[in-house]
Every structure is written in structure tokens, then in C-alpha cells.
Amino acid sequence: MSLSEEERRSLEELERGLAATDPDLDLQLKSGRLRGTAARMVIGGLVLLVGFALVIAGIITQILIVGVAGFLVAGGGAYLLLSRLVLRRRLRRYGQDGPDSPGG
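Keep in mind that what you see is a predicted model, and the values were worked out from it rather than measured.

Q: What's the story with the overall build of the protein chain in this structure? I'm lost.
A: Each helix and strand in the protein chain was counted, giving four helices and zero strands. Of all 104 residues assigned to the protein chain, the portion counted as buried reaches 15%. Pairs at least 24 apart in sequence give 41% of the contacts found in the protein chain among residues at least 6 apart. Accessible surface, the protein chain as shown: approximately 8,300 Å² in total, 64% of it carbon and sulfur.

Q: Explanation requested: unusual backbone geometry in the structure shown.
A: What is expected of a backbone is that most residues other than glycine have negative phi and most peptide bonds are trans. Look at glutamine 62: it is not a glycine, yet its phi comes out positive at around 60 degrees. Structurally, the position occupied by glutamine 62 is in the loop between α3 (36-61) and α4 (64-93).

Quick notes on the rules
Residues numbered from 1 in each chain as written. Predicted model: local features only at pLDDT ≥ 70, side-chain atom pairs only at ≥ 80, totals over all residues. Heavy atoms only, no water. Helix = DSSP H or I, 4+ residues; strand = E, 2+ residues; numbered from the N terminus. Buried < 20%, exposed > 50% of the residue type's maximum accessible area, 1.4 Å probe, protein only. Contact = heavy atoms within 4.5 Å. Areas by Shrake-Rupley, 256 points an atom, 1.4 Å probe, with all protein chains shown as cover.

On their own, these measurements won't tell you what the molecule is for.
What follows is the structure in C-alpha cells.
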């Protein structure tokens, strides 16, 4: 289903407006790379899964060091995944502006 000519023009106008008002967001969207919080959450989730896989491998092979290493890796992944969210929640609770807020 293709866009009509009017819809296409409207979309291009919105893109130009976005590029003019928020050039950082425009650059991020055009690059297609995850940055900041999103990238940290994706990497944290992947590290967490690798850690769980190592824990399972340690249990299966009954090698203690593999299980301990997996636990530590999973803990690091959980930290990456959740640290930004917890910090934001705490800042919001105490009424402070975080680095991503419009005022900060």
C-alpha cells in the first residue's frame, strides 16, 4: 500500500520540521543506530541472557567457576539493563530533573 502524493508531501514536511527543531534526534533516526538508554538496555539484556546461559552451562557441566562467572555476567547485564530506569525513578520521586529532561 503506497502513500498518495499528498501524504508523501505531508510526511516530507514533517521530516523537515523535525530536522529543524531537533537536529540530534534527526541525526539519530537517520543513522539507524541505537544510542544512549536504548543501546544500554539492549546490550544489558543481551549480556543478561549470556550470563544465564553460562549459569546453565555451569550447572550442566558441574564446573563451579563457569556458574559463578555466569552469575557475575548476568548481574552486570541486569545492572546495565535496570540502572538507568531506577535512577530516573528516584530522580522523579524527589522532584529533580534528570539529564534527559527538558529543563536539564
